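Here are the chains, one letter per residue:
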Amino acid sequence: MELRNDWALFKIQLTIAFKERFYFVYTLLVPIFMVFLNKTLDFQDNESIYVYWSYIVVTTVFNGFLLNLVRLRESGFLKTLTYLSGSRHSIILANLLVQLIIVQLEILLFNLYVTFFITHVSLLTFVYGLLTSSLITILCAAMMSIFFVLKIQRPIFNYLVGGFFTISVLMLGVHPQGFNKAVLTIFSPFQFVYGLYVVPCSTVRFAIFLALCSLLYLMISLLVFKKFSIGERLR
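The text that follows walks through the structure, step by step, so that each part is easy to find.

Calculation rules
Residues numbered from 1 in each chain as written. Predicted model: local features only at pLDDT ≥ 70, side-chain atom pairs only at ≥ 80, totals over all residues. Heavy atoms only, no water. Helix = DSSP H or I, 4+ residues; strand = E, 2+ residues; numbered from the N terminus. Buried < 20%, exposed > 50% of the residue type's maximum accessible area, 1.4 Å probe, protein only. Contact = heavy atoms within 4.5 Å. Areas by Shrake-Rupley, 256 points an atom, 1.4 Å probe, with all protein chains shown as cover. Expected span 1.5 Å × (residues − 1). 1 Å grid on protein atoms, 1.4 Å probe; cavity = no way out; pocket = protein on both sides within 12 Å on 5 of 7 lines; lining within 4 Å. Points joined across faces, edges and corners; volume = space filled by probe spheres on them. Core = buried A, V, L, I, M, F, W, Y, C linked by side-chain atoms within 4.5 Å.

## Here we look at the overall build of the protein
Tallying secondary structure elements over the protein gives 10 helices and zero strands in all. In the protein, which comprises 235 residues, the share counted as buried stands at 48%. Within the protein, contacts between residues at least 6 apart in sequence are counted, and of these 79% link residues at least 24 apart. Approximately 12400 Å² of the protein is accessible, and the part contributed by carbon and sulfur atoms is 70%.

Printed below as a string of structure tokens:
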């Protein structure tokens, strides 16, 4: 097989993503189930919906971007794709583009479910979700790229990252203030993504803080992917 352009590479990544249907249980069905359990709450407050959007974005990036690249690298398929395409960065960008599409689709389906079975979601909220989720997904991937520098055995890697995300999910419903809010925003991808969604409702100081965090994560991700190894394996 010869990869002649980035479109062929994108189609391969898209095929891989949709073959992993089990992950959609975590990224889409779980938030739908949770919003069904909490349907007695007042969802006219958009900030309540942003919590579920944040979960969708982070779990999609985690499963579709982070773990997918780790699996491709460990299996040796990442090296093969790199040799065929001529650039490992094309593979990373194609993977990220696939996740952008999946996030948009999942948030759209989630909003439709809430509209038809829970409460009305305004057209403005639909548009806001579509316009902001792509940028937020990119920033989330940049933040989580730090996990690629871990030089540990894969079982330990899975337990460590899984435990981290479990704790982060449990704290997603927490709305801290002051210093605690800043700390959680820096270290928890769920709080960081949620903070990005609620920027229109935030103070100018917190919006500037989020902008600085985003810039920092983008710089870190550039350094990480510049040295990203296509053959290194977590054993």
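Read on, since the account is not over.
## A look at helix 10 (residues 204-226)
The end-to-end C-alpha distance of helix 10 is 33 Å, a good match for the 33 Å that 23 residues give at a rise of 1.5 Å each. Listing the buried residues of helix 10 in full gives Phe 206, Leu 210, Cys 213, Ser 214, Tyr 217, Ser 221, Val 224 and Phe 225.

## Examining empty space enclosed by the protein
Summed over the entire model, instances satisfying the criterion amount to one cavity of 30 Å³ or more. In this structure, the largest cavity occupies an estimated 150 Å³ of space. In terms of lining, the largest cavity is formed by 14 residues, of which the most central are Ala 17, Tyr 23, Asn 63, Gly 64 and Gln 99. For the lining of the largest cavity, the secondary-structure elements that each account for two or more residues are helix 1 (6-19), helix 2 (23-37), helix 3 (46-75) and helix 5 (88-117).

## Quick look at the nonpolar core
Among the nonpolar cores identified, the biggest contains 61 residues, and Val 57, Phe 65, Phe 110, Phe 148 and Tyr 197 are the most heavily contacted of them. A per-element tally of this core places helix 3 first, with 17 residues. Those residues in contact with Phe 148 that sit more than four places away from it in its chain are Phe 65, Leu 66, Leu 69, Val 70, Arg 73, Val 224, Phe 225 and Phe 228.

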